[in-house]
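Single-letter residue listing:
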Amino acid sequence: MGSMPALDGLLALEPGRVVGLTGSVGAGMTRLGLSLMAEASRRGPVAFVDVRGWLCPVSAWESSIEPDRLAVVRCPDPGRWPKVVAALLEGIPAVYAEVPTGVSDALLRRLGALARNRRSSLLLRPLRGSLPSGLTHLRLEGRGIEWEGTGDGHGRLRSRRLLVEASGKATGGIPRLIEIEGGEYGADAMRVVPGLAAAPVGVTTAAG
């Protein structure tokens, strides 16, 4: 990732930390989460807990995740989901988990505590609603997405830019707006685009 050291460090997964990914469907947060796990996949296995059943492993490989280091676990059942995620955290250093509707805040907090205890990175992407307060070290919220090269719904995709608000302990409690650029068909790793200042408290932008 990009050319701004402070922001690059912000988007690096840390052992034992929980990252929350929120935003509407199509806001690019799945791709962002996969890109965040790319570096971890060079050191060991990573896992994706697929609730919706639509993750294509190719999209993960295009996000620079090592092909032989990715485990995709499909688990749409909210009753079994916490046990599946807990089992993965016991042995895998980085886990991205979509969160199905019906998982309680108490269970999510237990998984956060387990991630800290096992020194595993845990990325949580709720499909509806939000994550409980205080659970995440870093929260990334998709605020918009811009596609270049597709014209009126067709054409050759050259690049896309995500506008993301970063907040939480990782930002010192001060929300920051960051712009992240990905290349053609996602074939190269995302990079931070320099030039956006810290976001003032209460800033709002159009959702993607």
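In this text, all values refer to a predicted model and were calculated from it rather than measured experimentally. (Residues numbered from 1 in each chain as written. Predicted model: local features only at pLDDT ≥ 70, side-chain atom pairs only at ≥ 80, totals over all residues. Heavy atoms only, no water.)

**Comments concerning the pattern of salt bridges**
The line we're drawing: One speaks of a salt bridge when a side-chain nitrogen belonging to Lys or Arg is within 4 Å of a carboxyl oxygen belonging to Asp or Glu. Relative accessibility under 20% of the residue-type maximum defines a buried residue, over 50% an exposed one, and the middle range a partly exposed one, all with a 1.4 Å probe and only protein chains included.
Considering all chains together, one arrives at ten salt bridges under this definition. R139 is the partner of E141 in a salt bridge, and the nearest nitrogen-oxygen pair spans 3.2 Å. Taking the relative accessible area as the measure of exposure, R139 reaches 30% and is therefore partly exposed. Across the pair E165 and R143 runs a salt bridge whose closest N-O atoms are separated by 2.8 Å.

**Looking at the environment of L122**
What counts, and what does not: The way it works is that DSSP assigns letters per residue, a run of H or I at least four long becomes a helix, a run of E at least two long becomes a strand, and they are numbered from the N terminus. In what follows, a contact means two residues having at least one pair of non-hydrogen atoms within 4.5 Å.
With respect to the helices, strands and loops of the structure, L122 is situated in strand β5 (residues 121-126). Residue classification places L122 among the buried residues on the basis of a relative accessible area of 0%. Note: C-alpha distance between L122 and A94 (28 residues apart in sequence) is 6.0 Å. Among residues more than four places away in sequence, those in contact with L122 are R17, V18, V19, V85, L89, V95, L111, G112 and A115.

**Comments concerning the confidence of the model for the chain**
Note the cut-off: Every residue is assigned a pLDDT by the predictor, reflecting its confidence on a scale from 0 to 100.
Residues at a pLDDT of 70 or more form 77% of the chain, whose mean pLDDT is 81. Between the elements of the chain, mean pLDDT differs from a low of 58, seen in helix α1 (residues 5-10), to a high of 98, seen in helix α6 (residues 105-118). Here residues 183-189 is modelled with pLDDT under 50, and outside its nearest four sequence neighbours on either side it reaches 20 contacts, counting other chains as well.

**Remarks on helix α5 (residues 81-91)**
Each α-helix turn comprises 3.6 residues. Residues three or four places apart therefore point the same way. In plain terms, the rule: By construction, the arc corresponds to the directions joining the helix axis to the C-beta atoms.
Burial in α5 covers these residues: W81, P82, V84, V85, L88 and L89. Buried residues in α5, looked at end-on, bunch into an arc of 160 degrees, giving them a common side. Exposed and oriented more than 90 degrees from the buried face of α5 are K83, A87 and G91. Those residues of α5 that are buried are in contact with β2 (46-50), β3 (70-74), β4 (94-99), α6 and β5.

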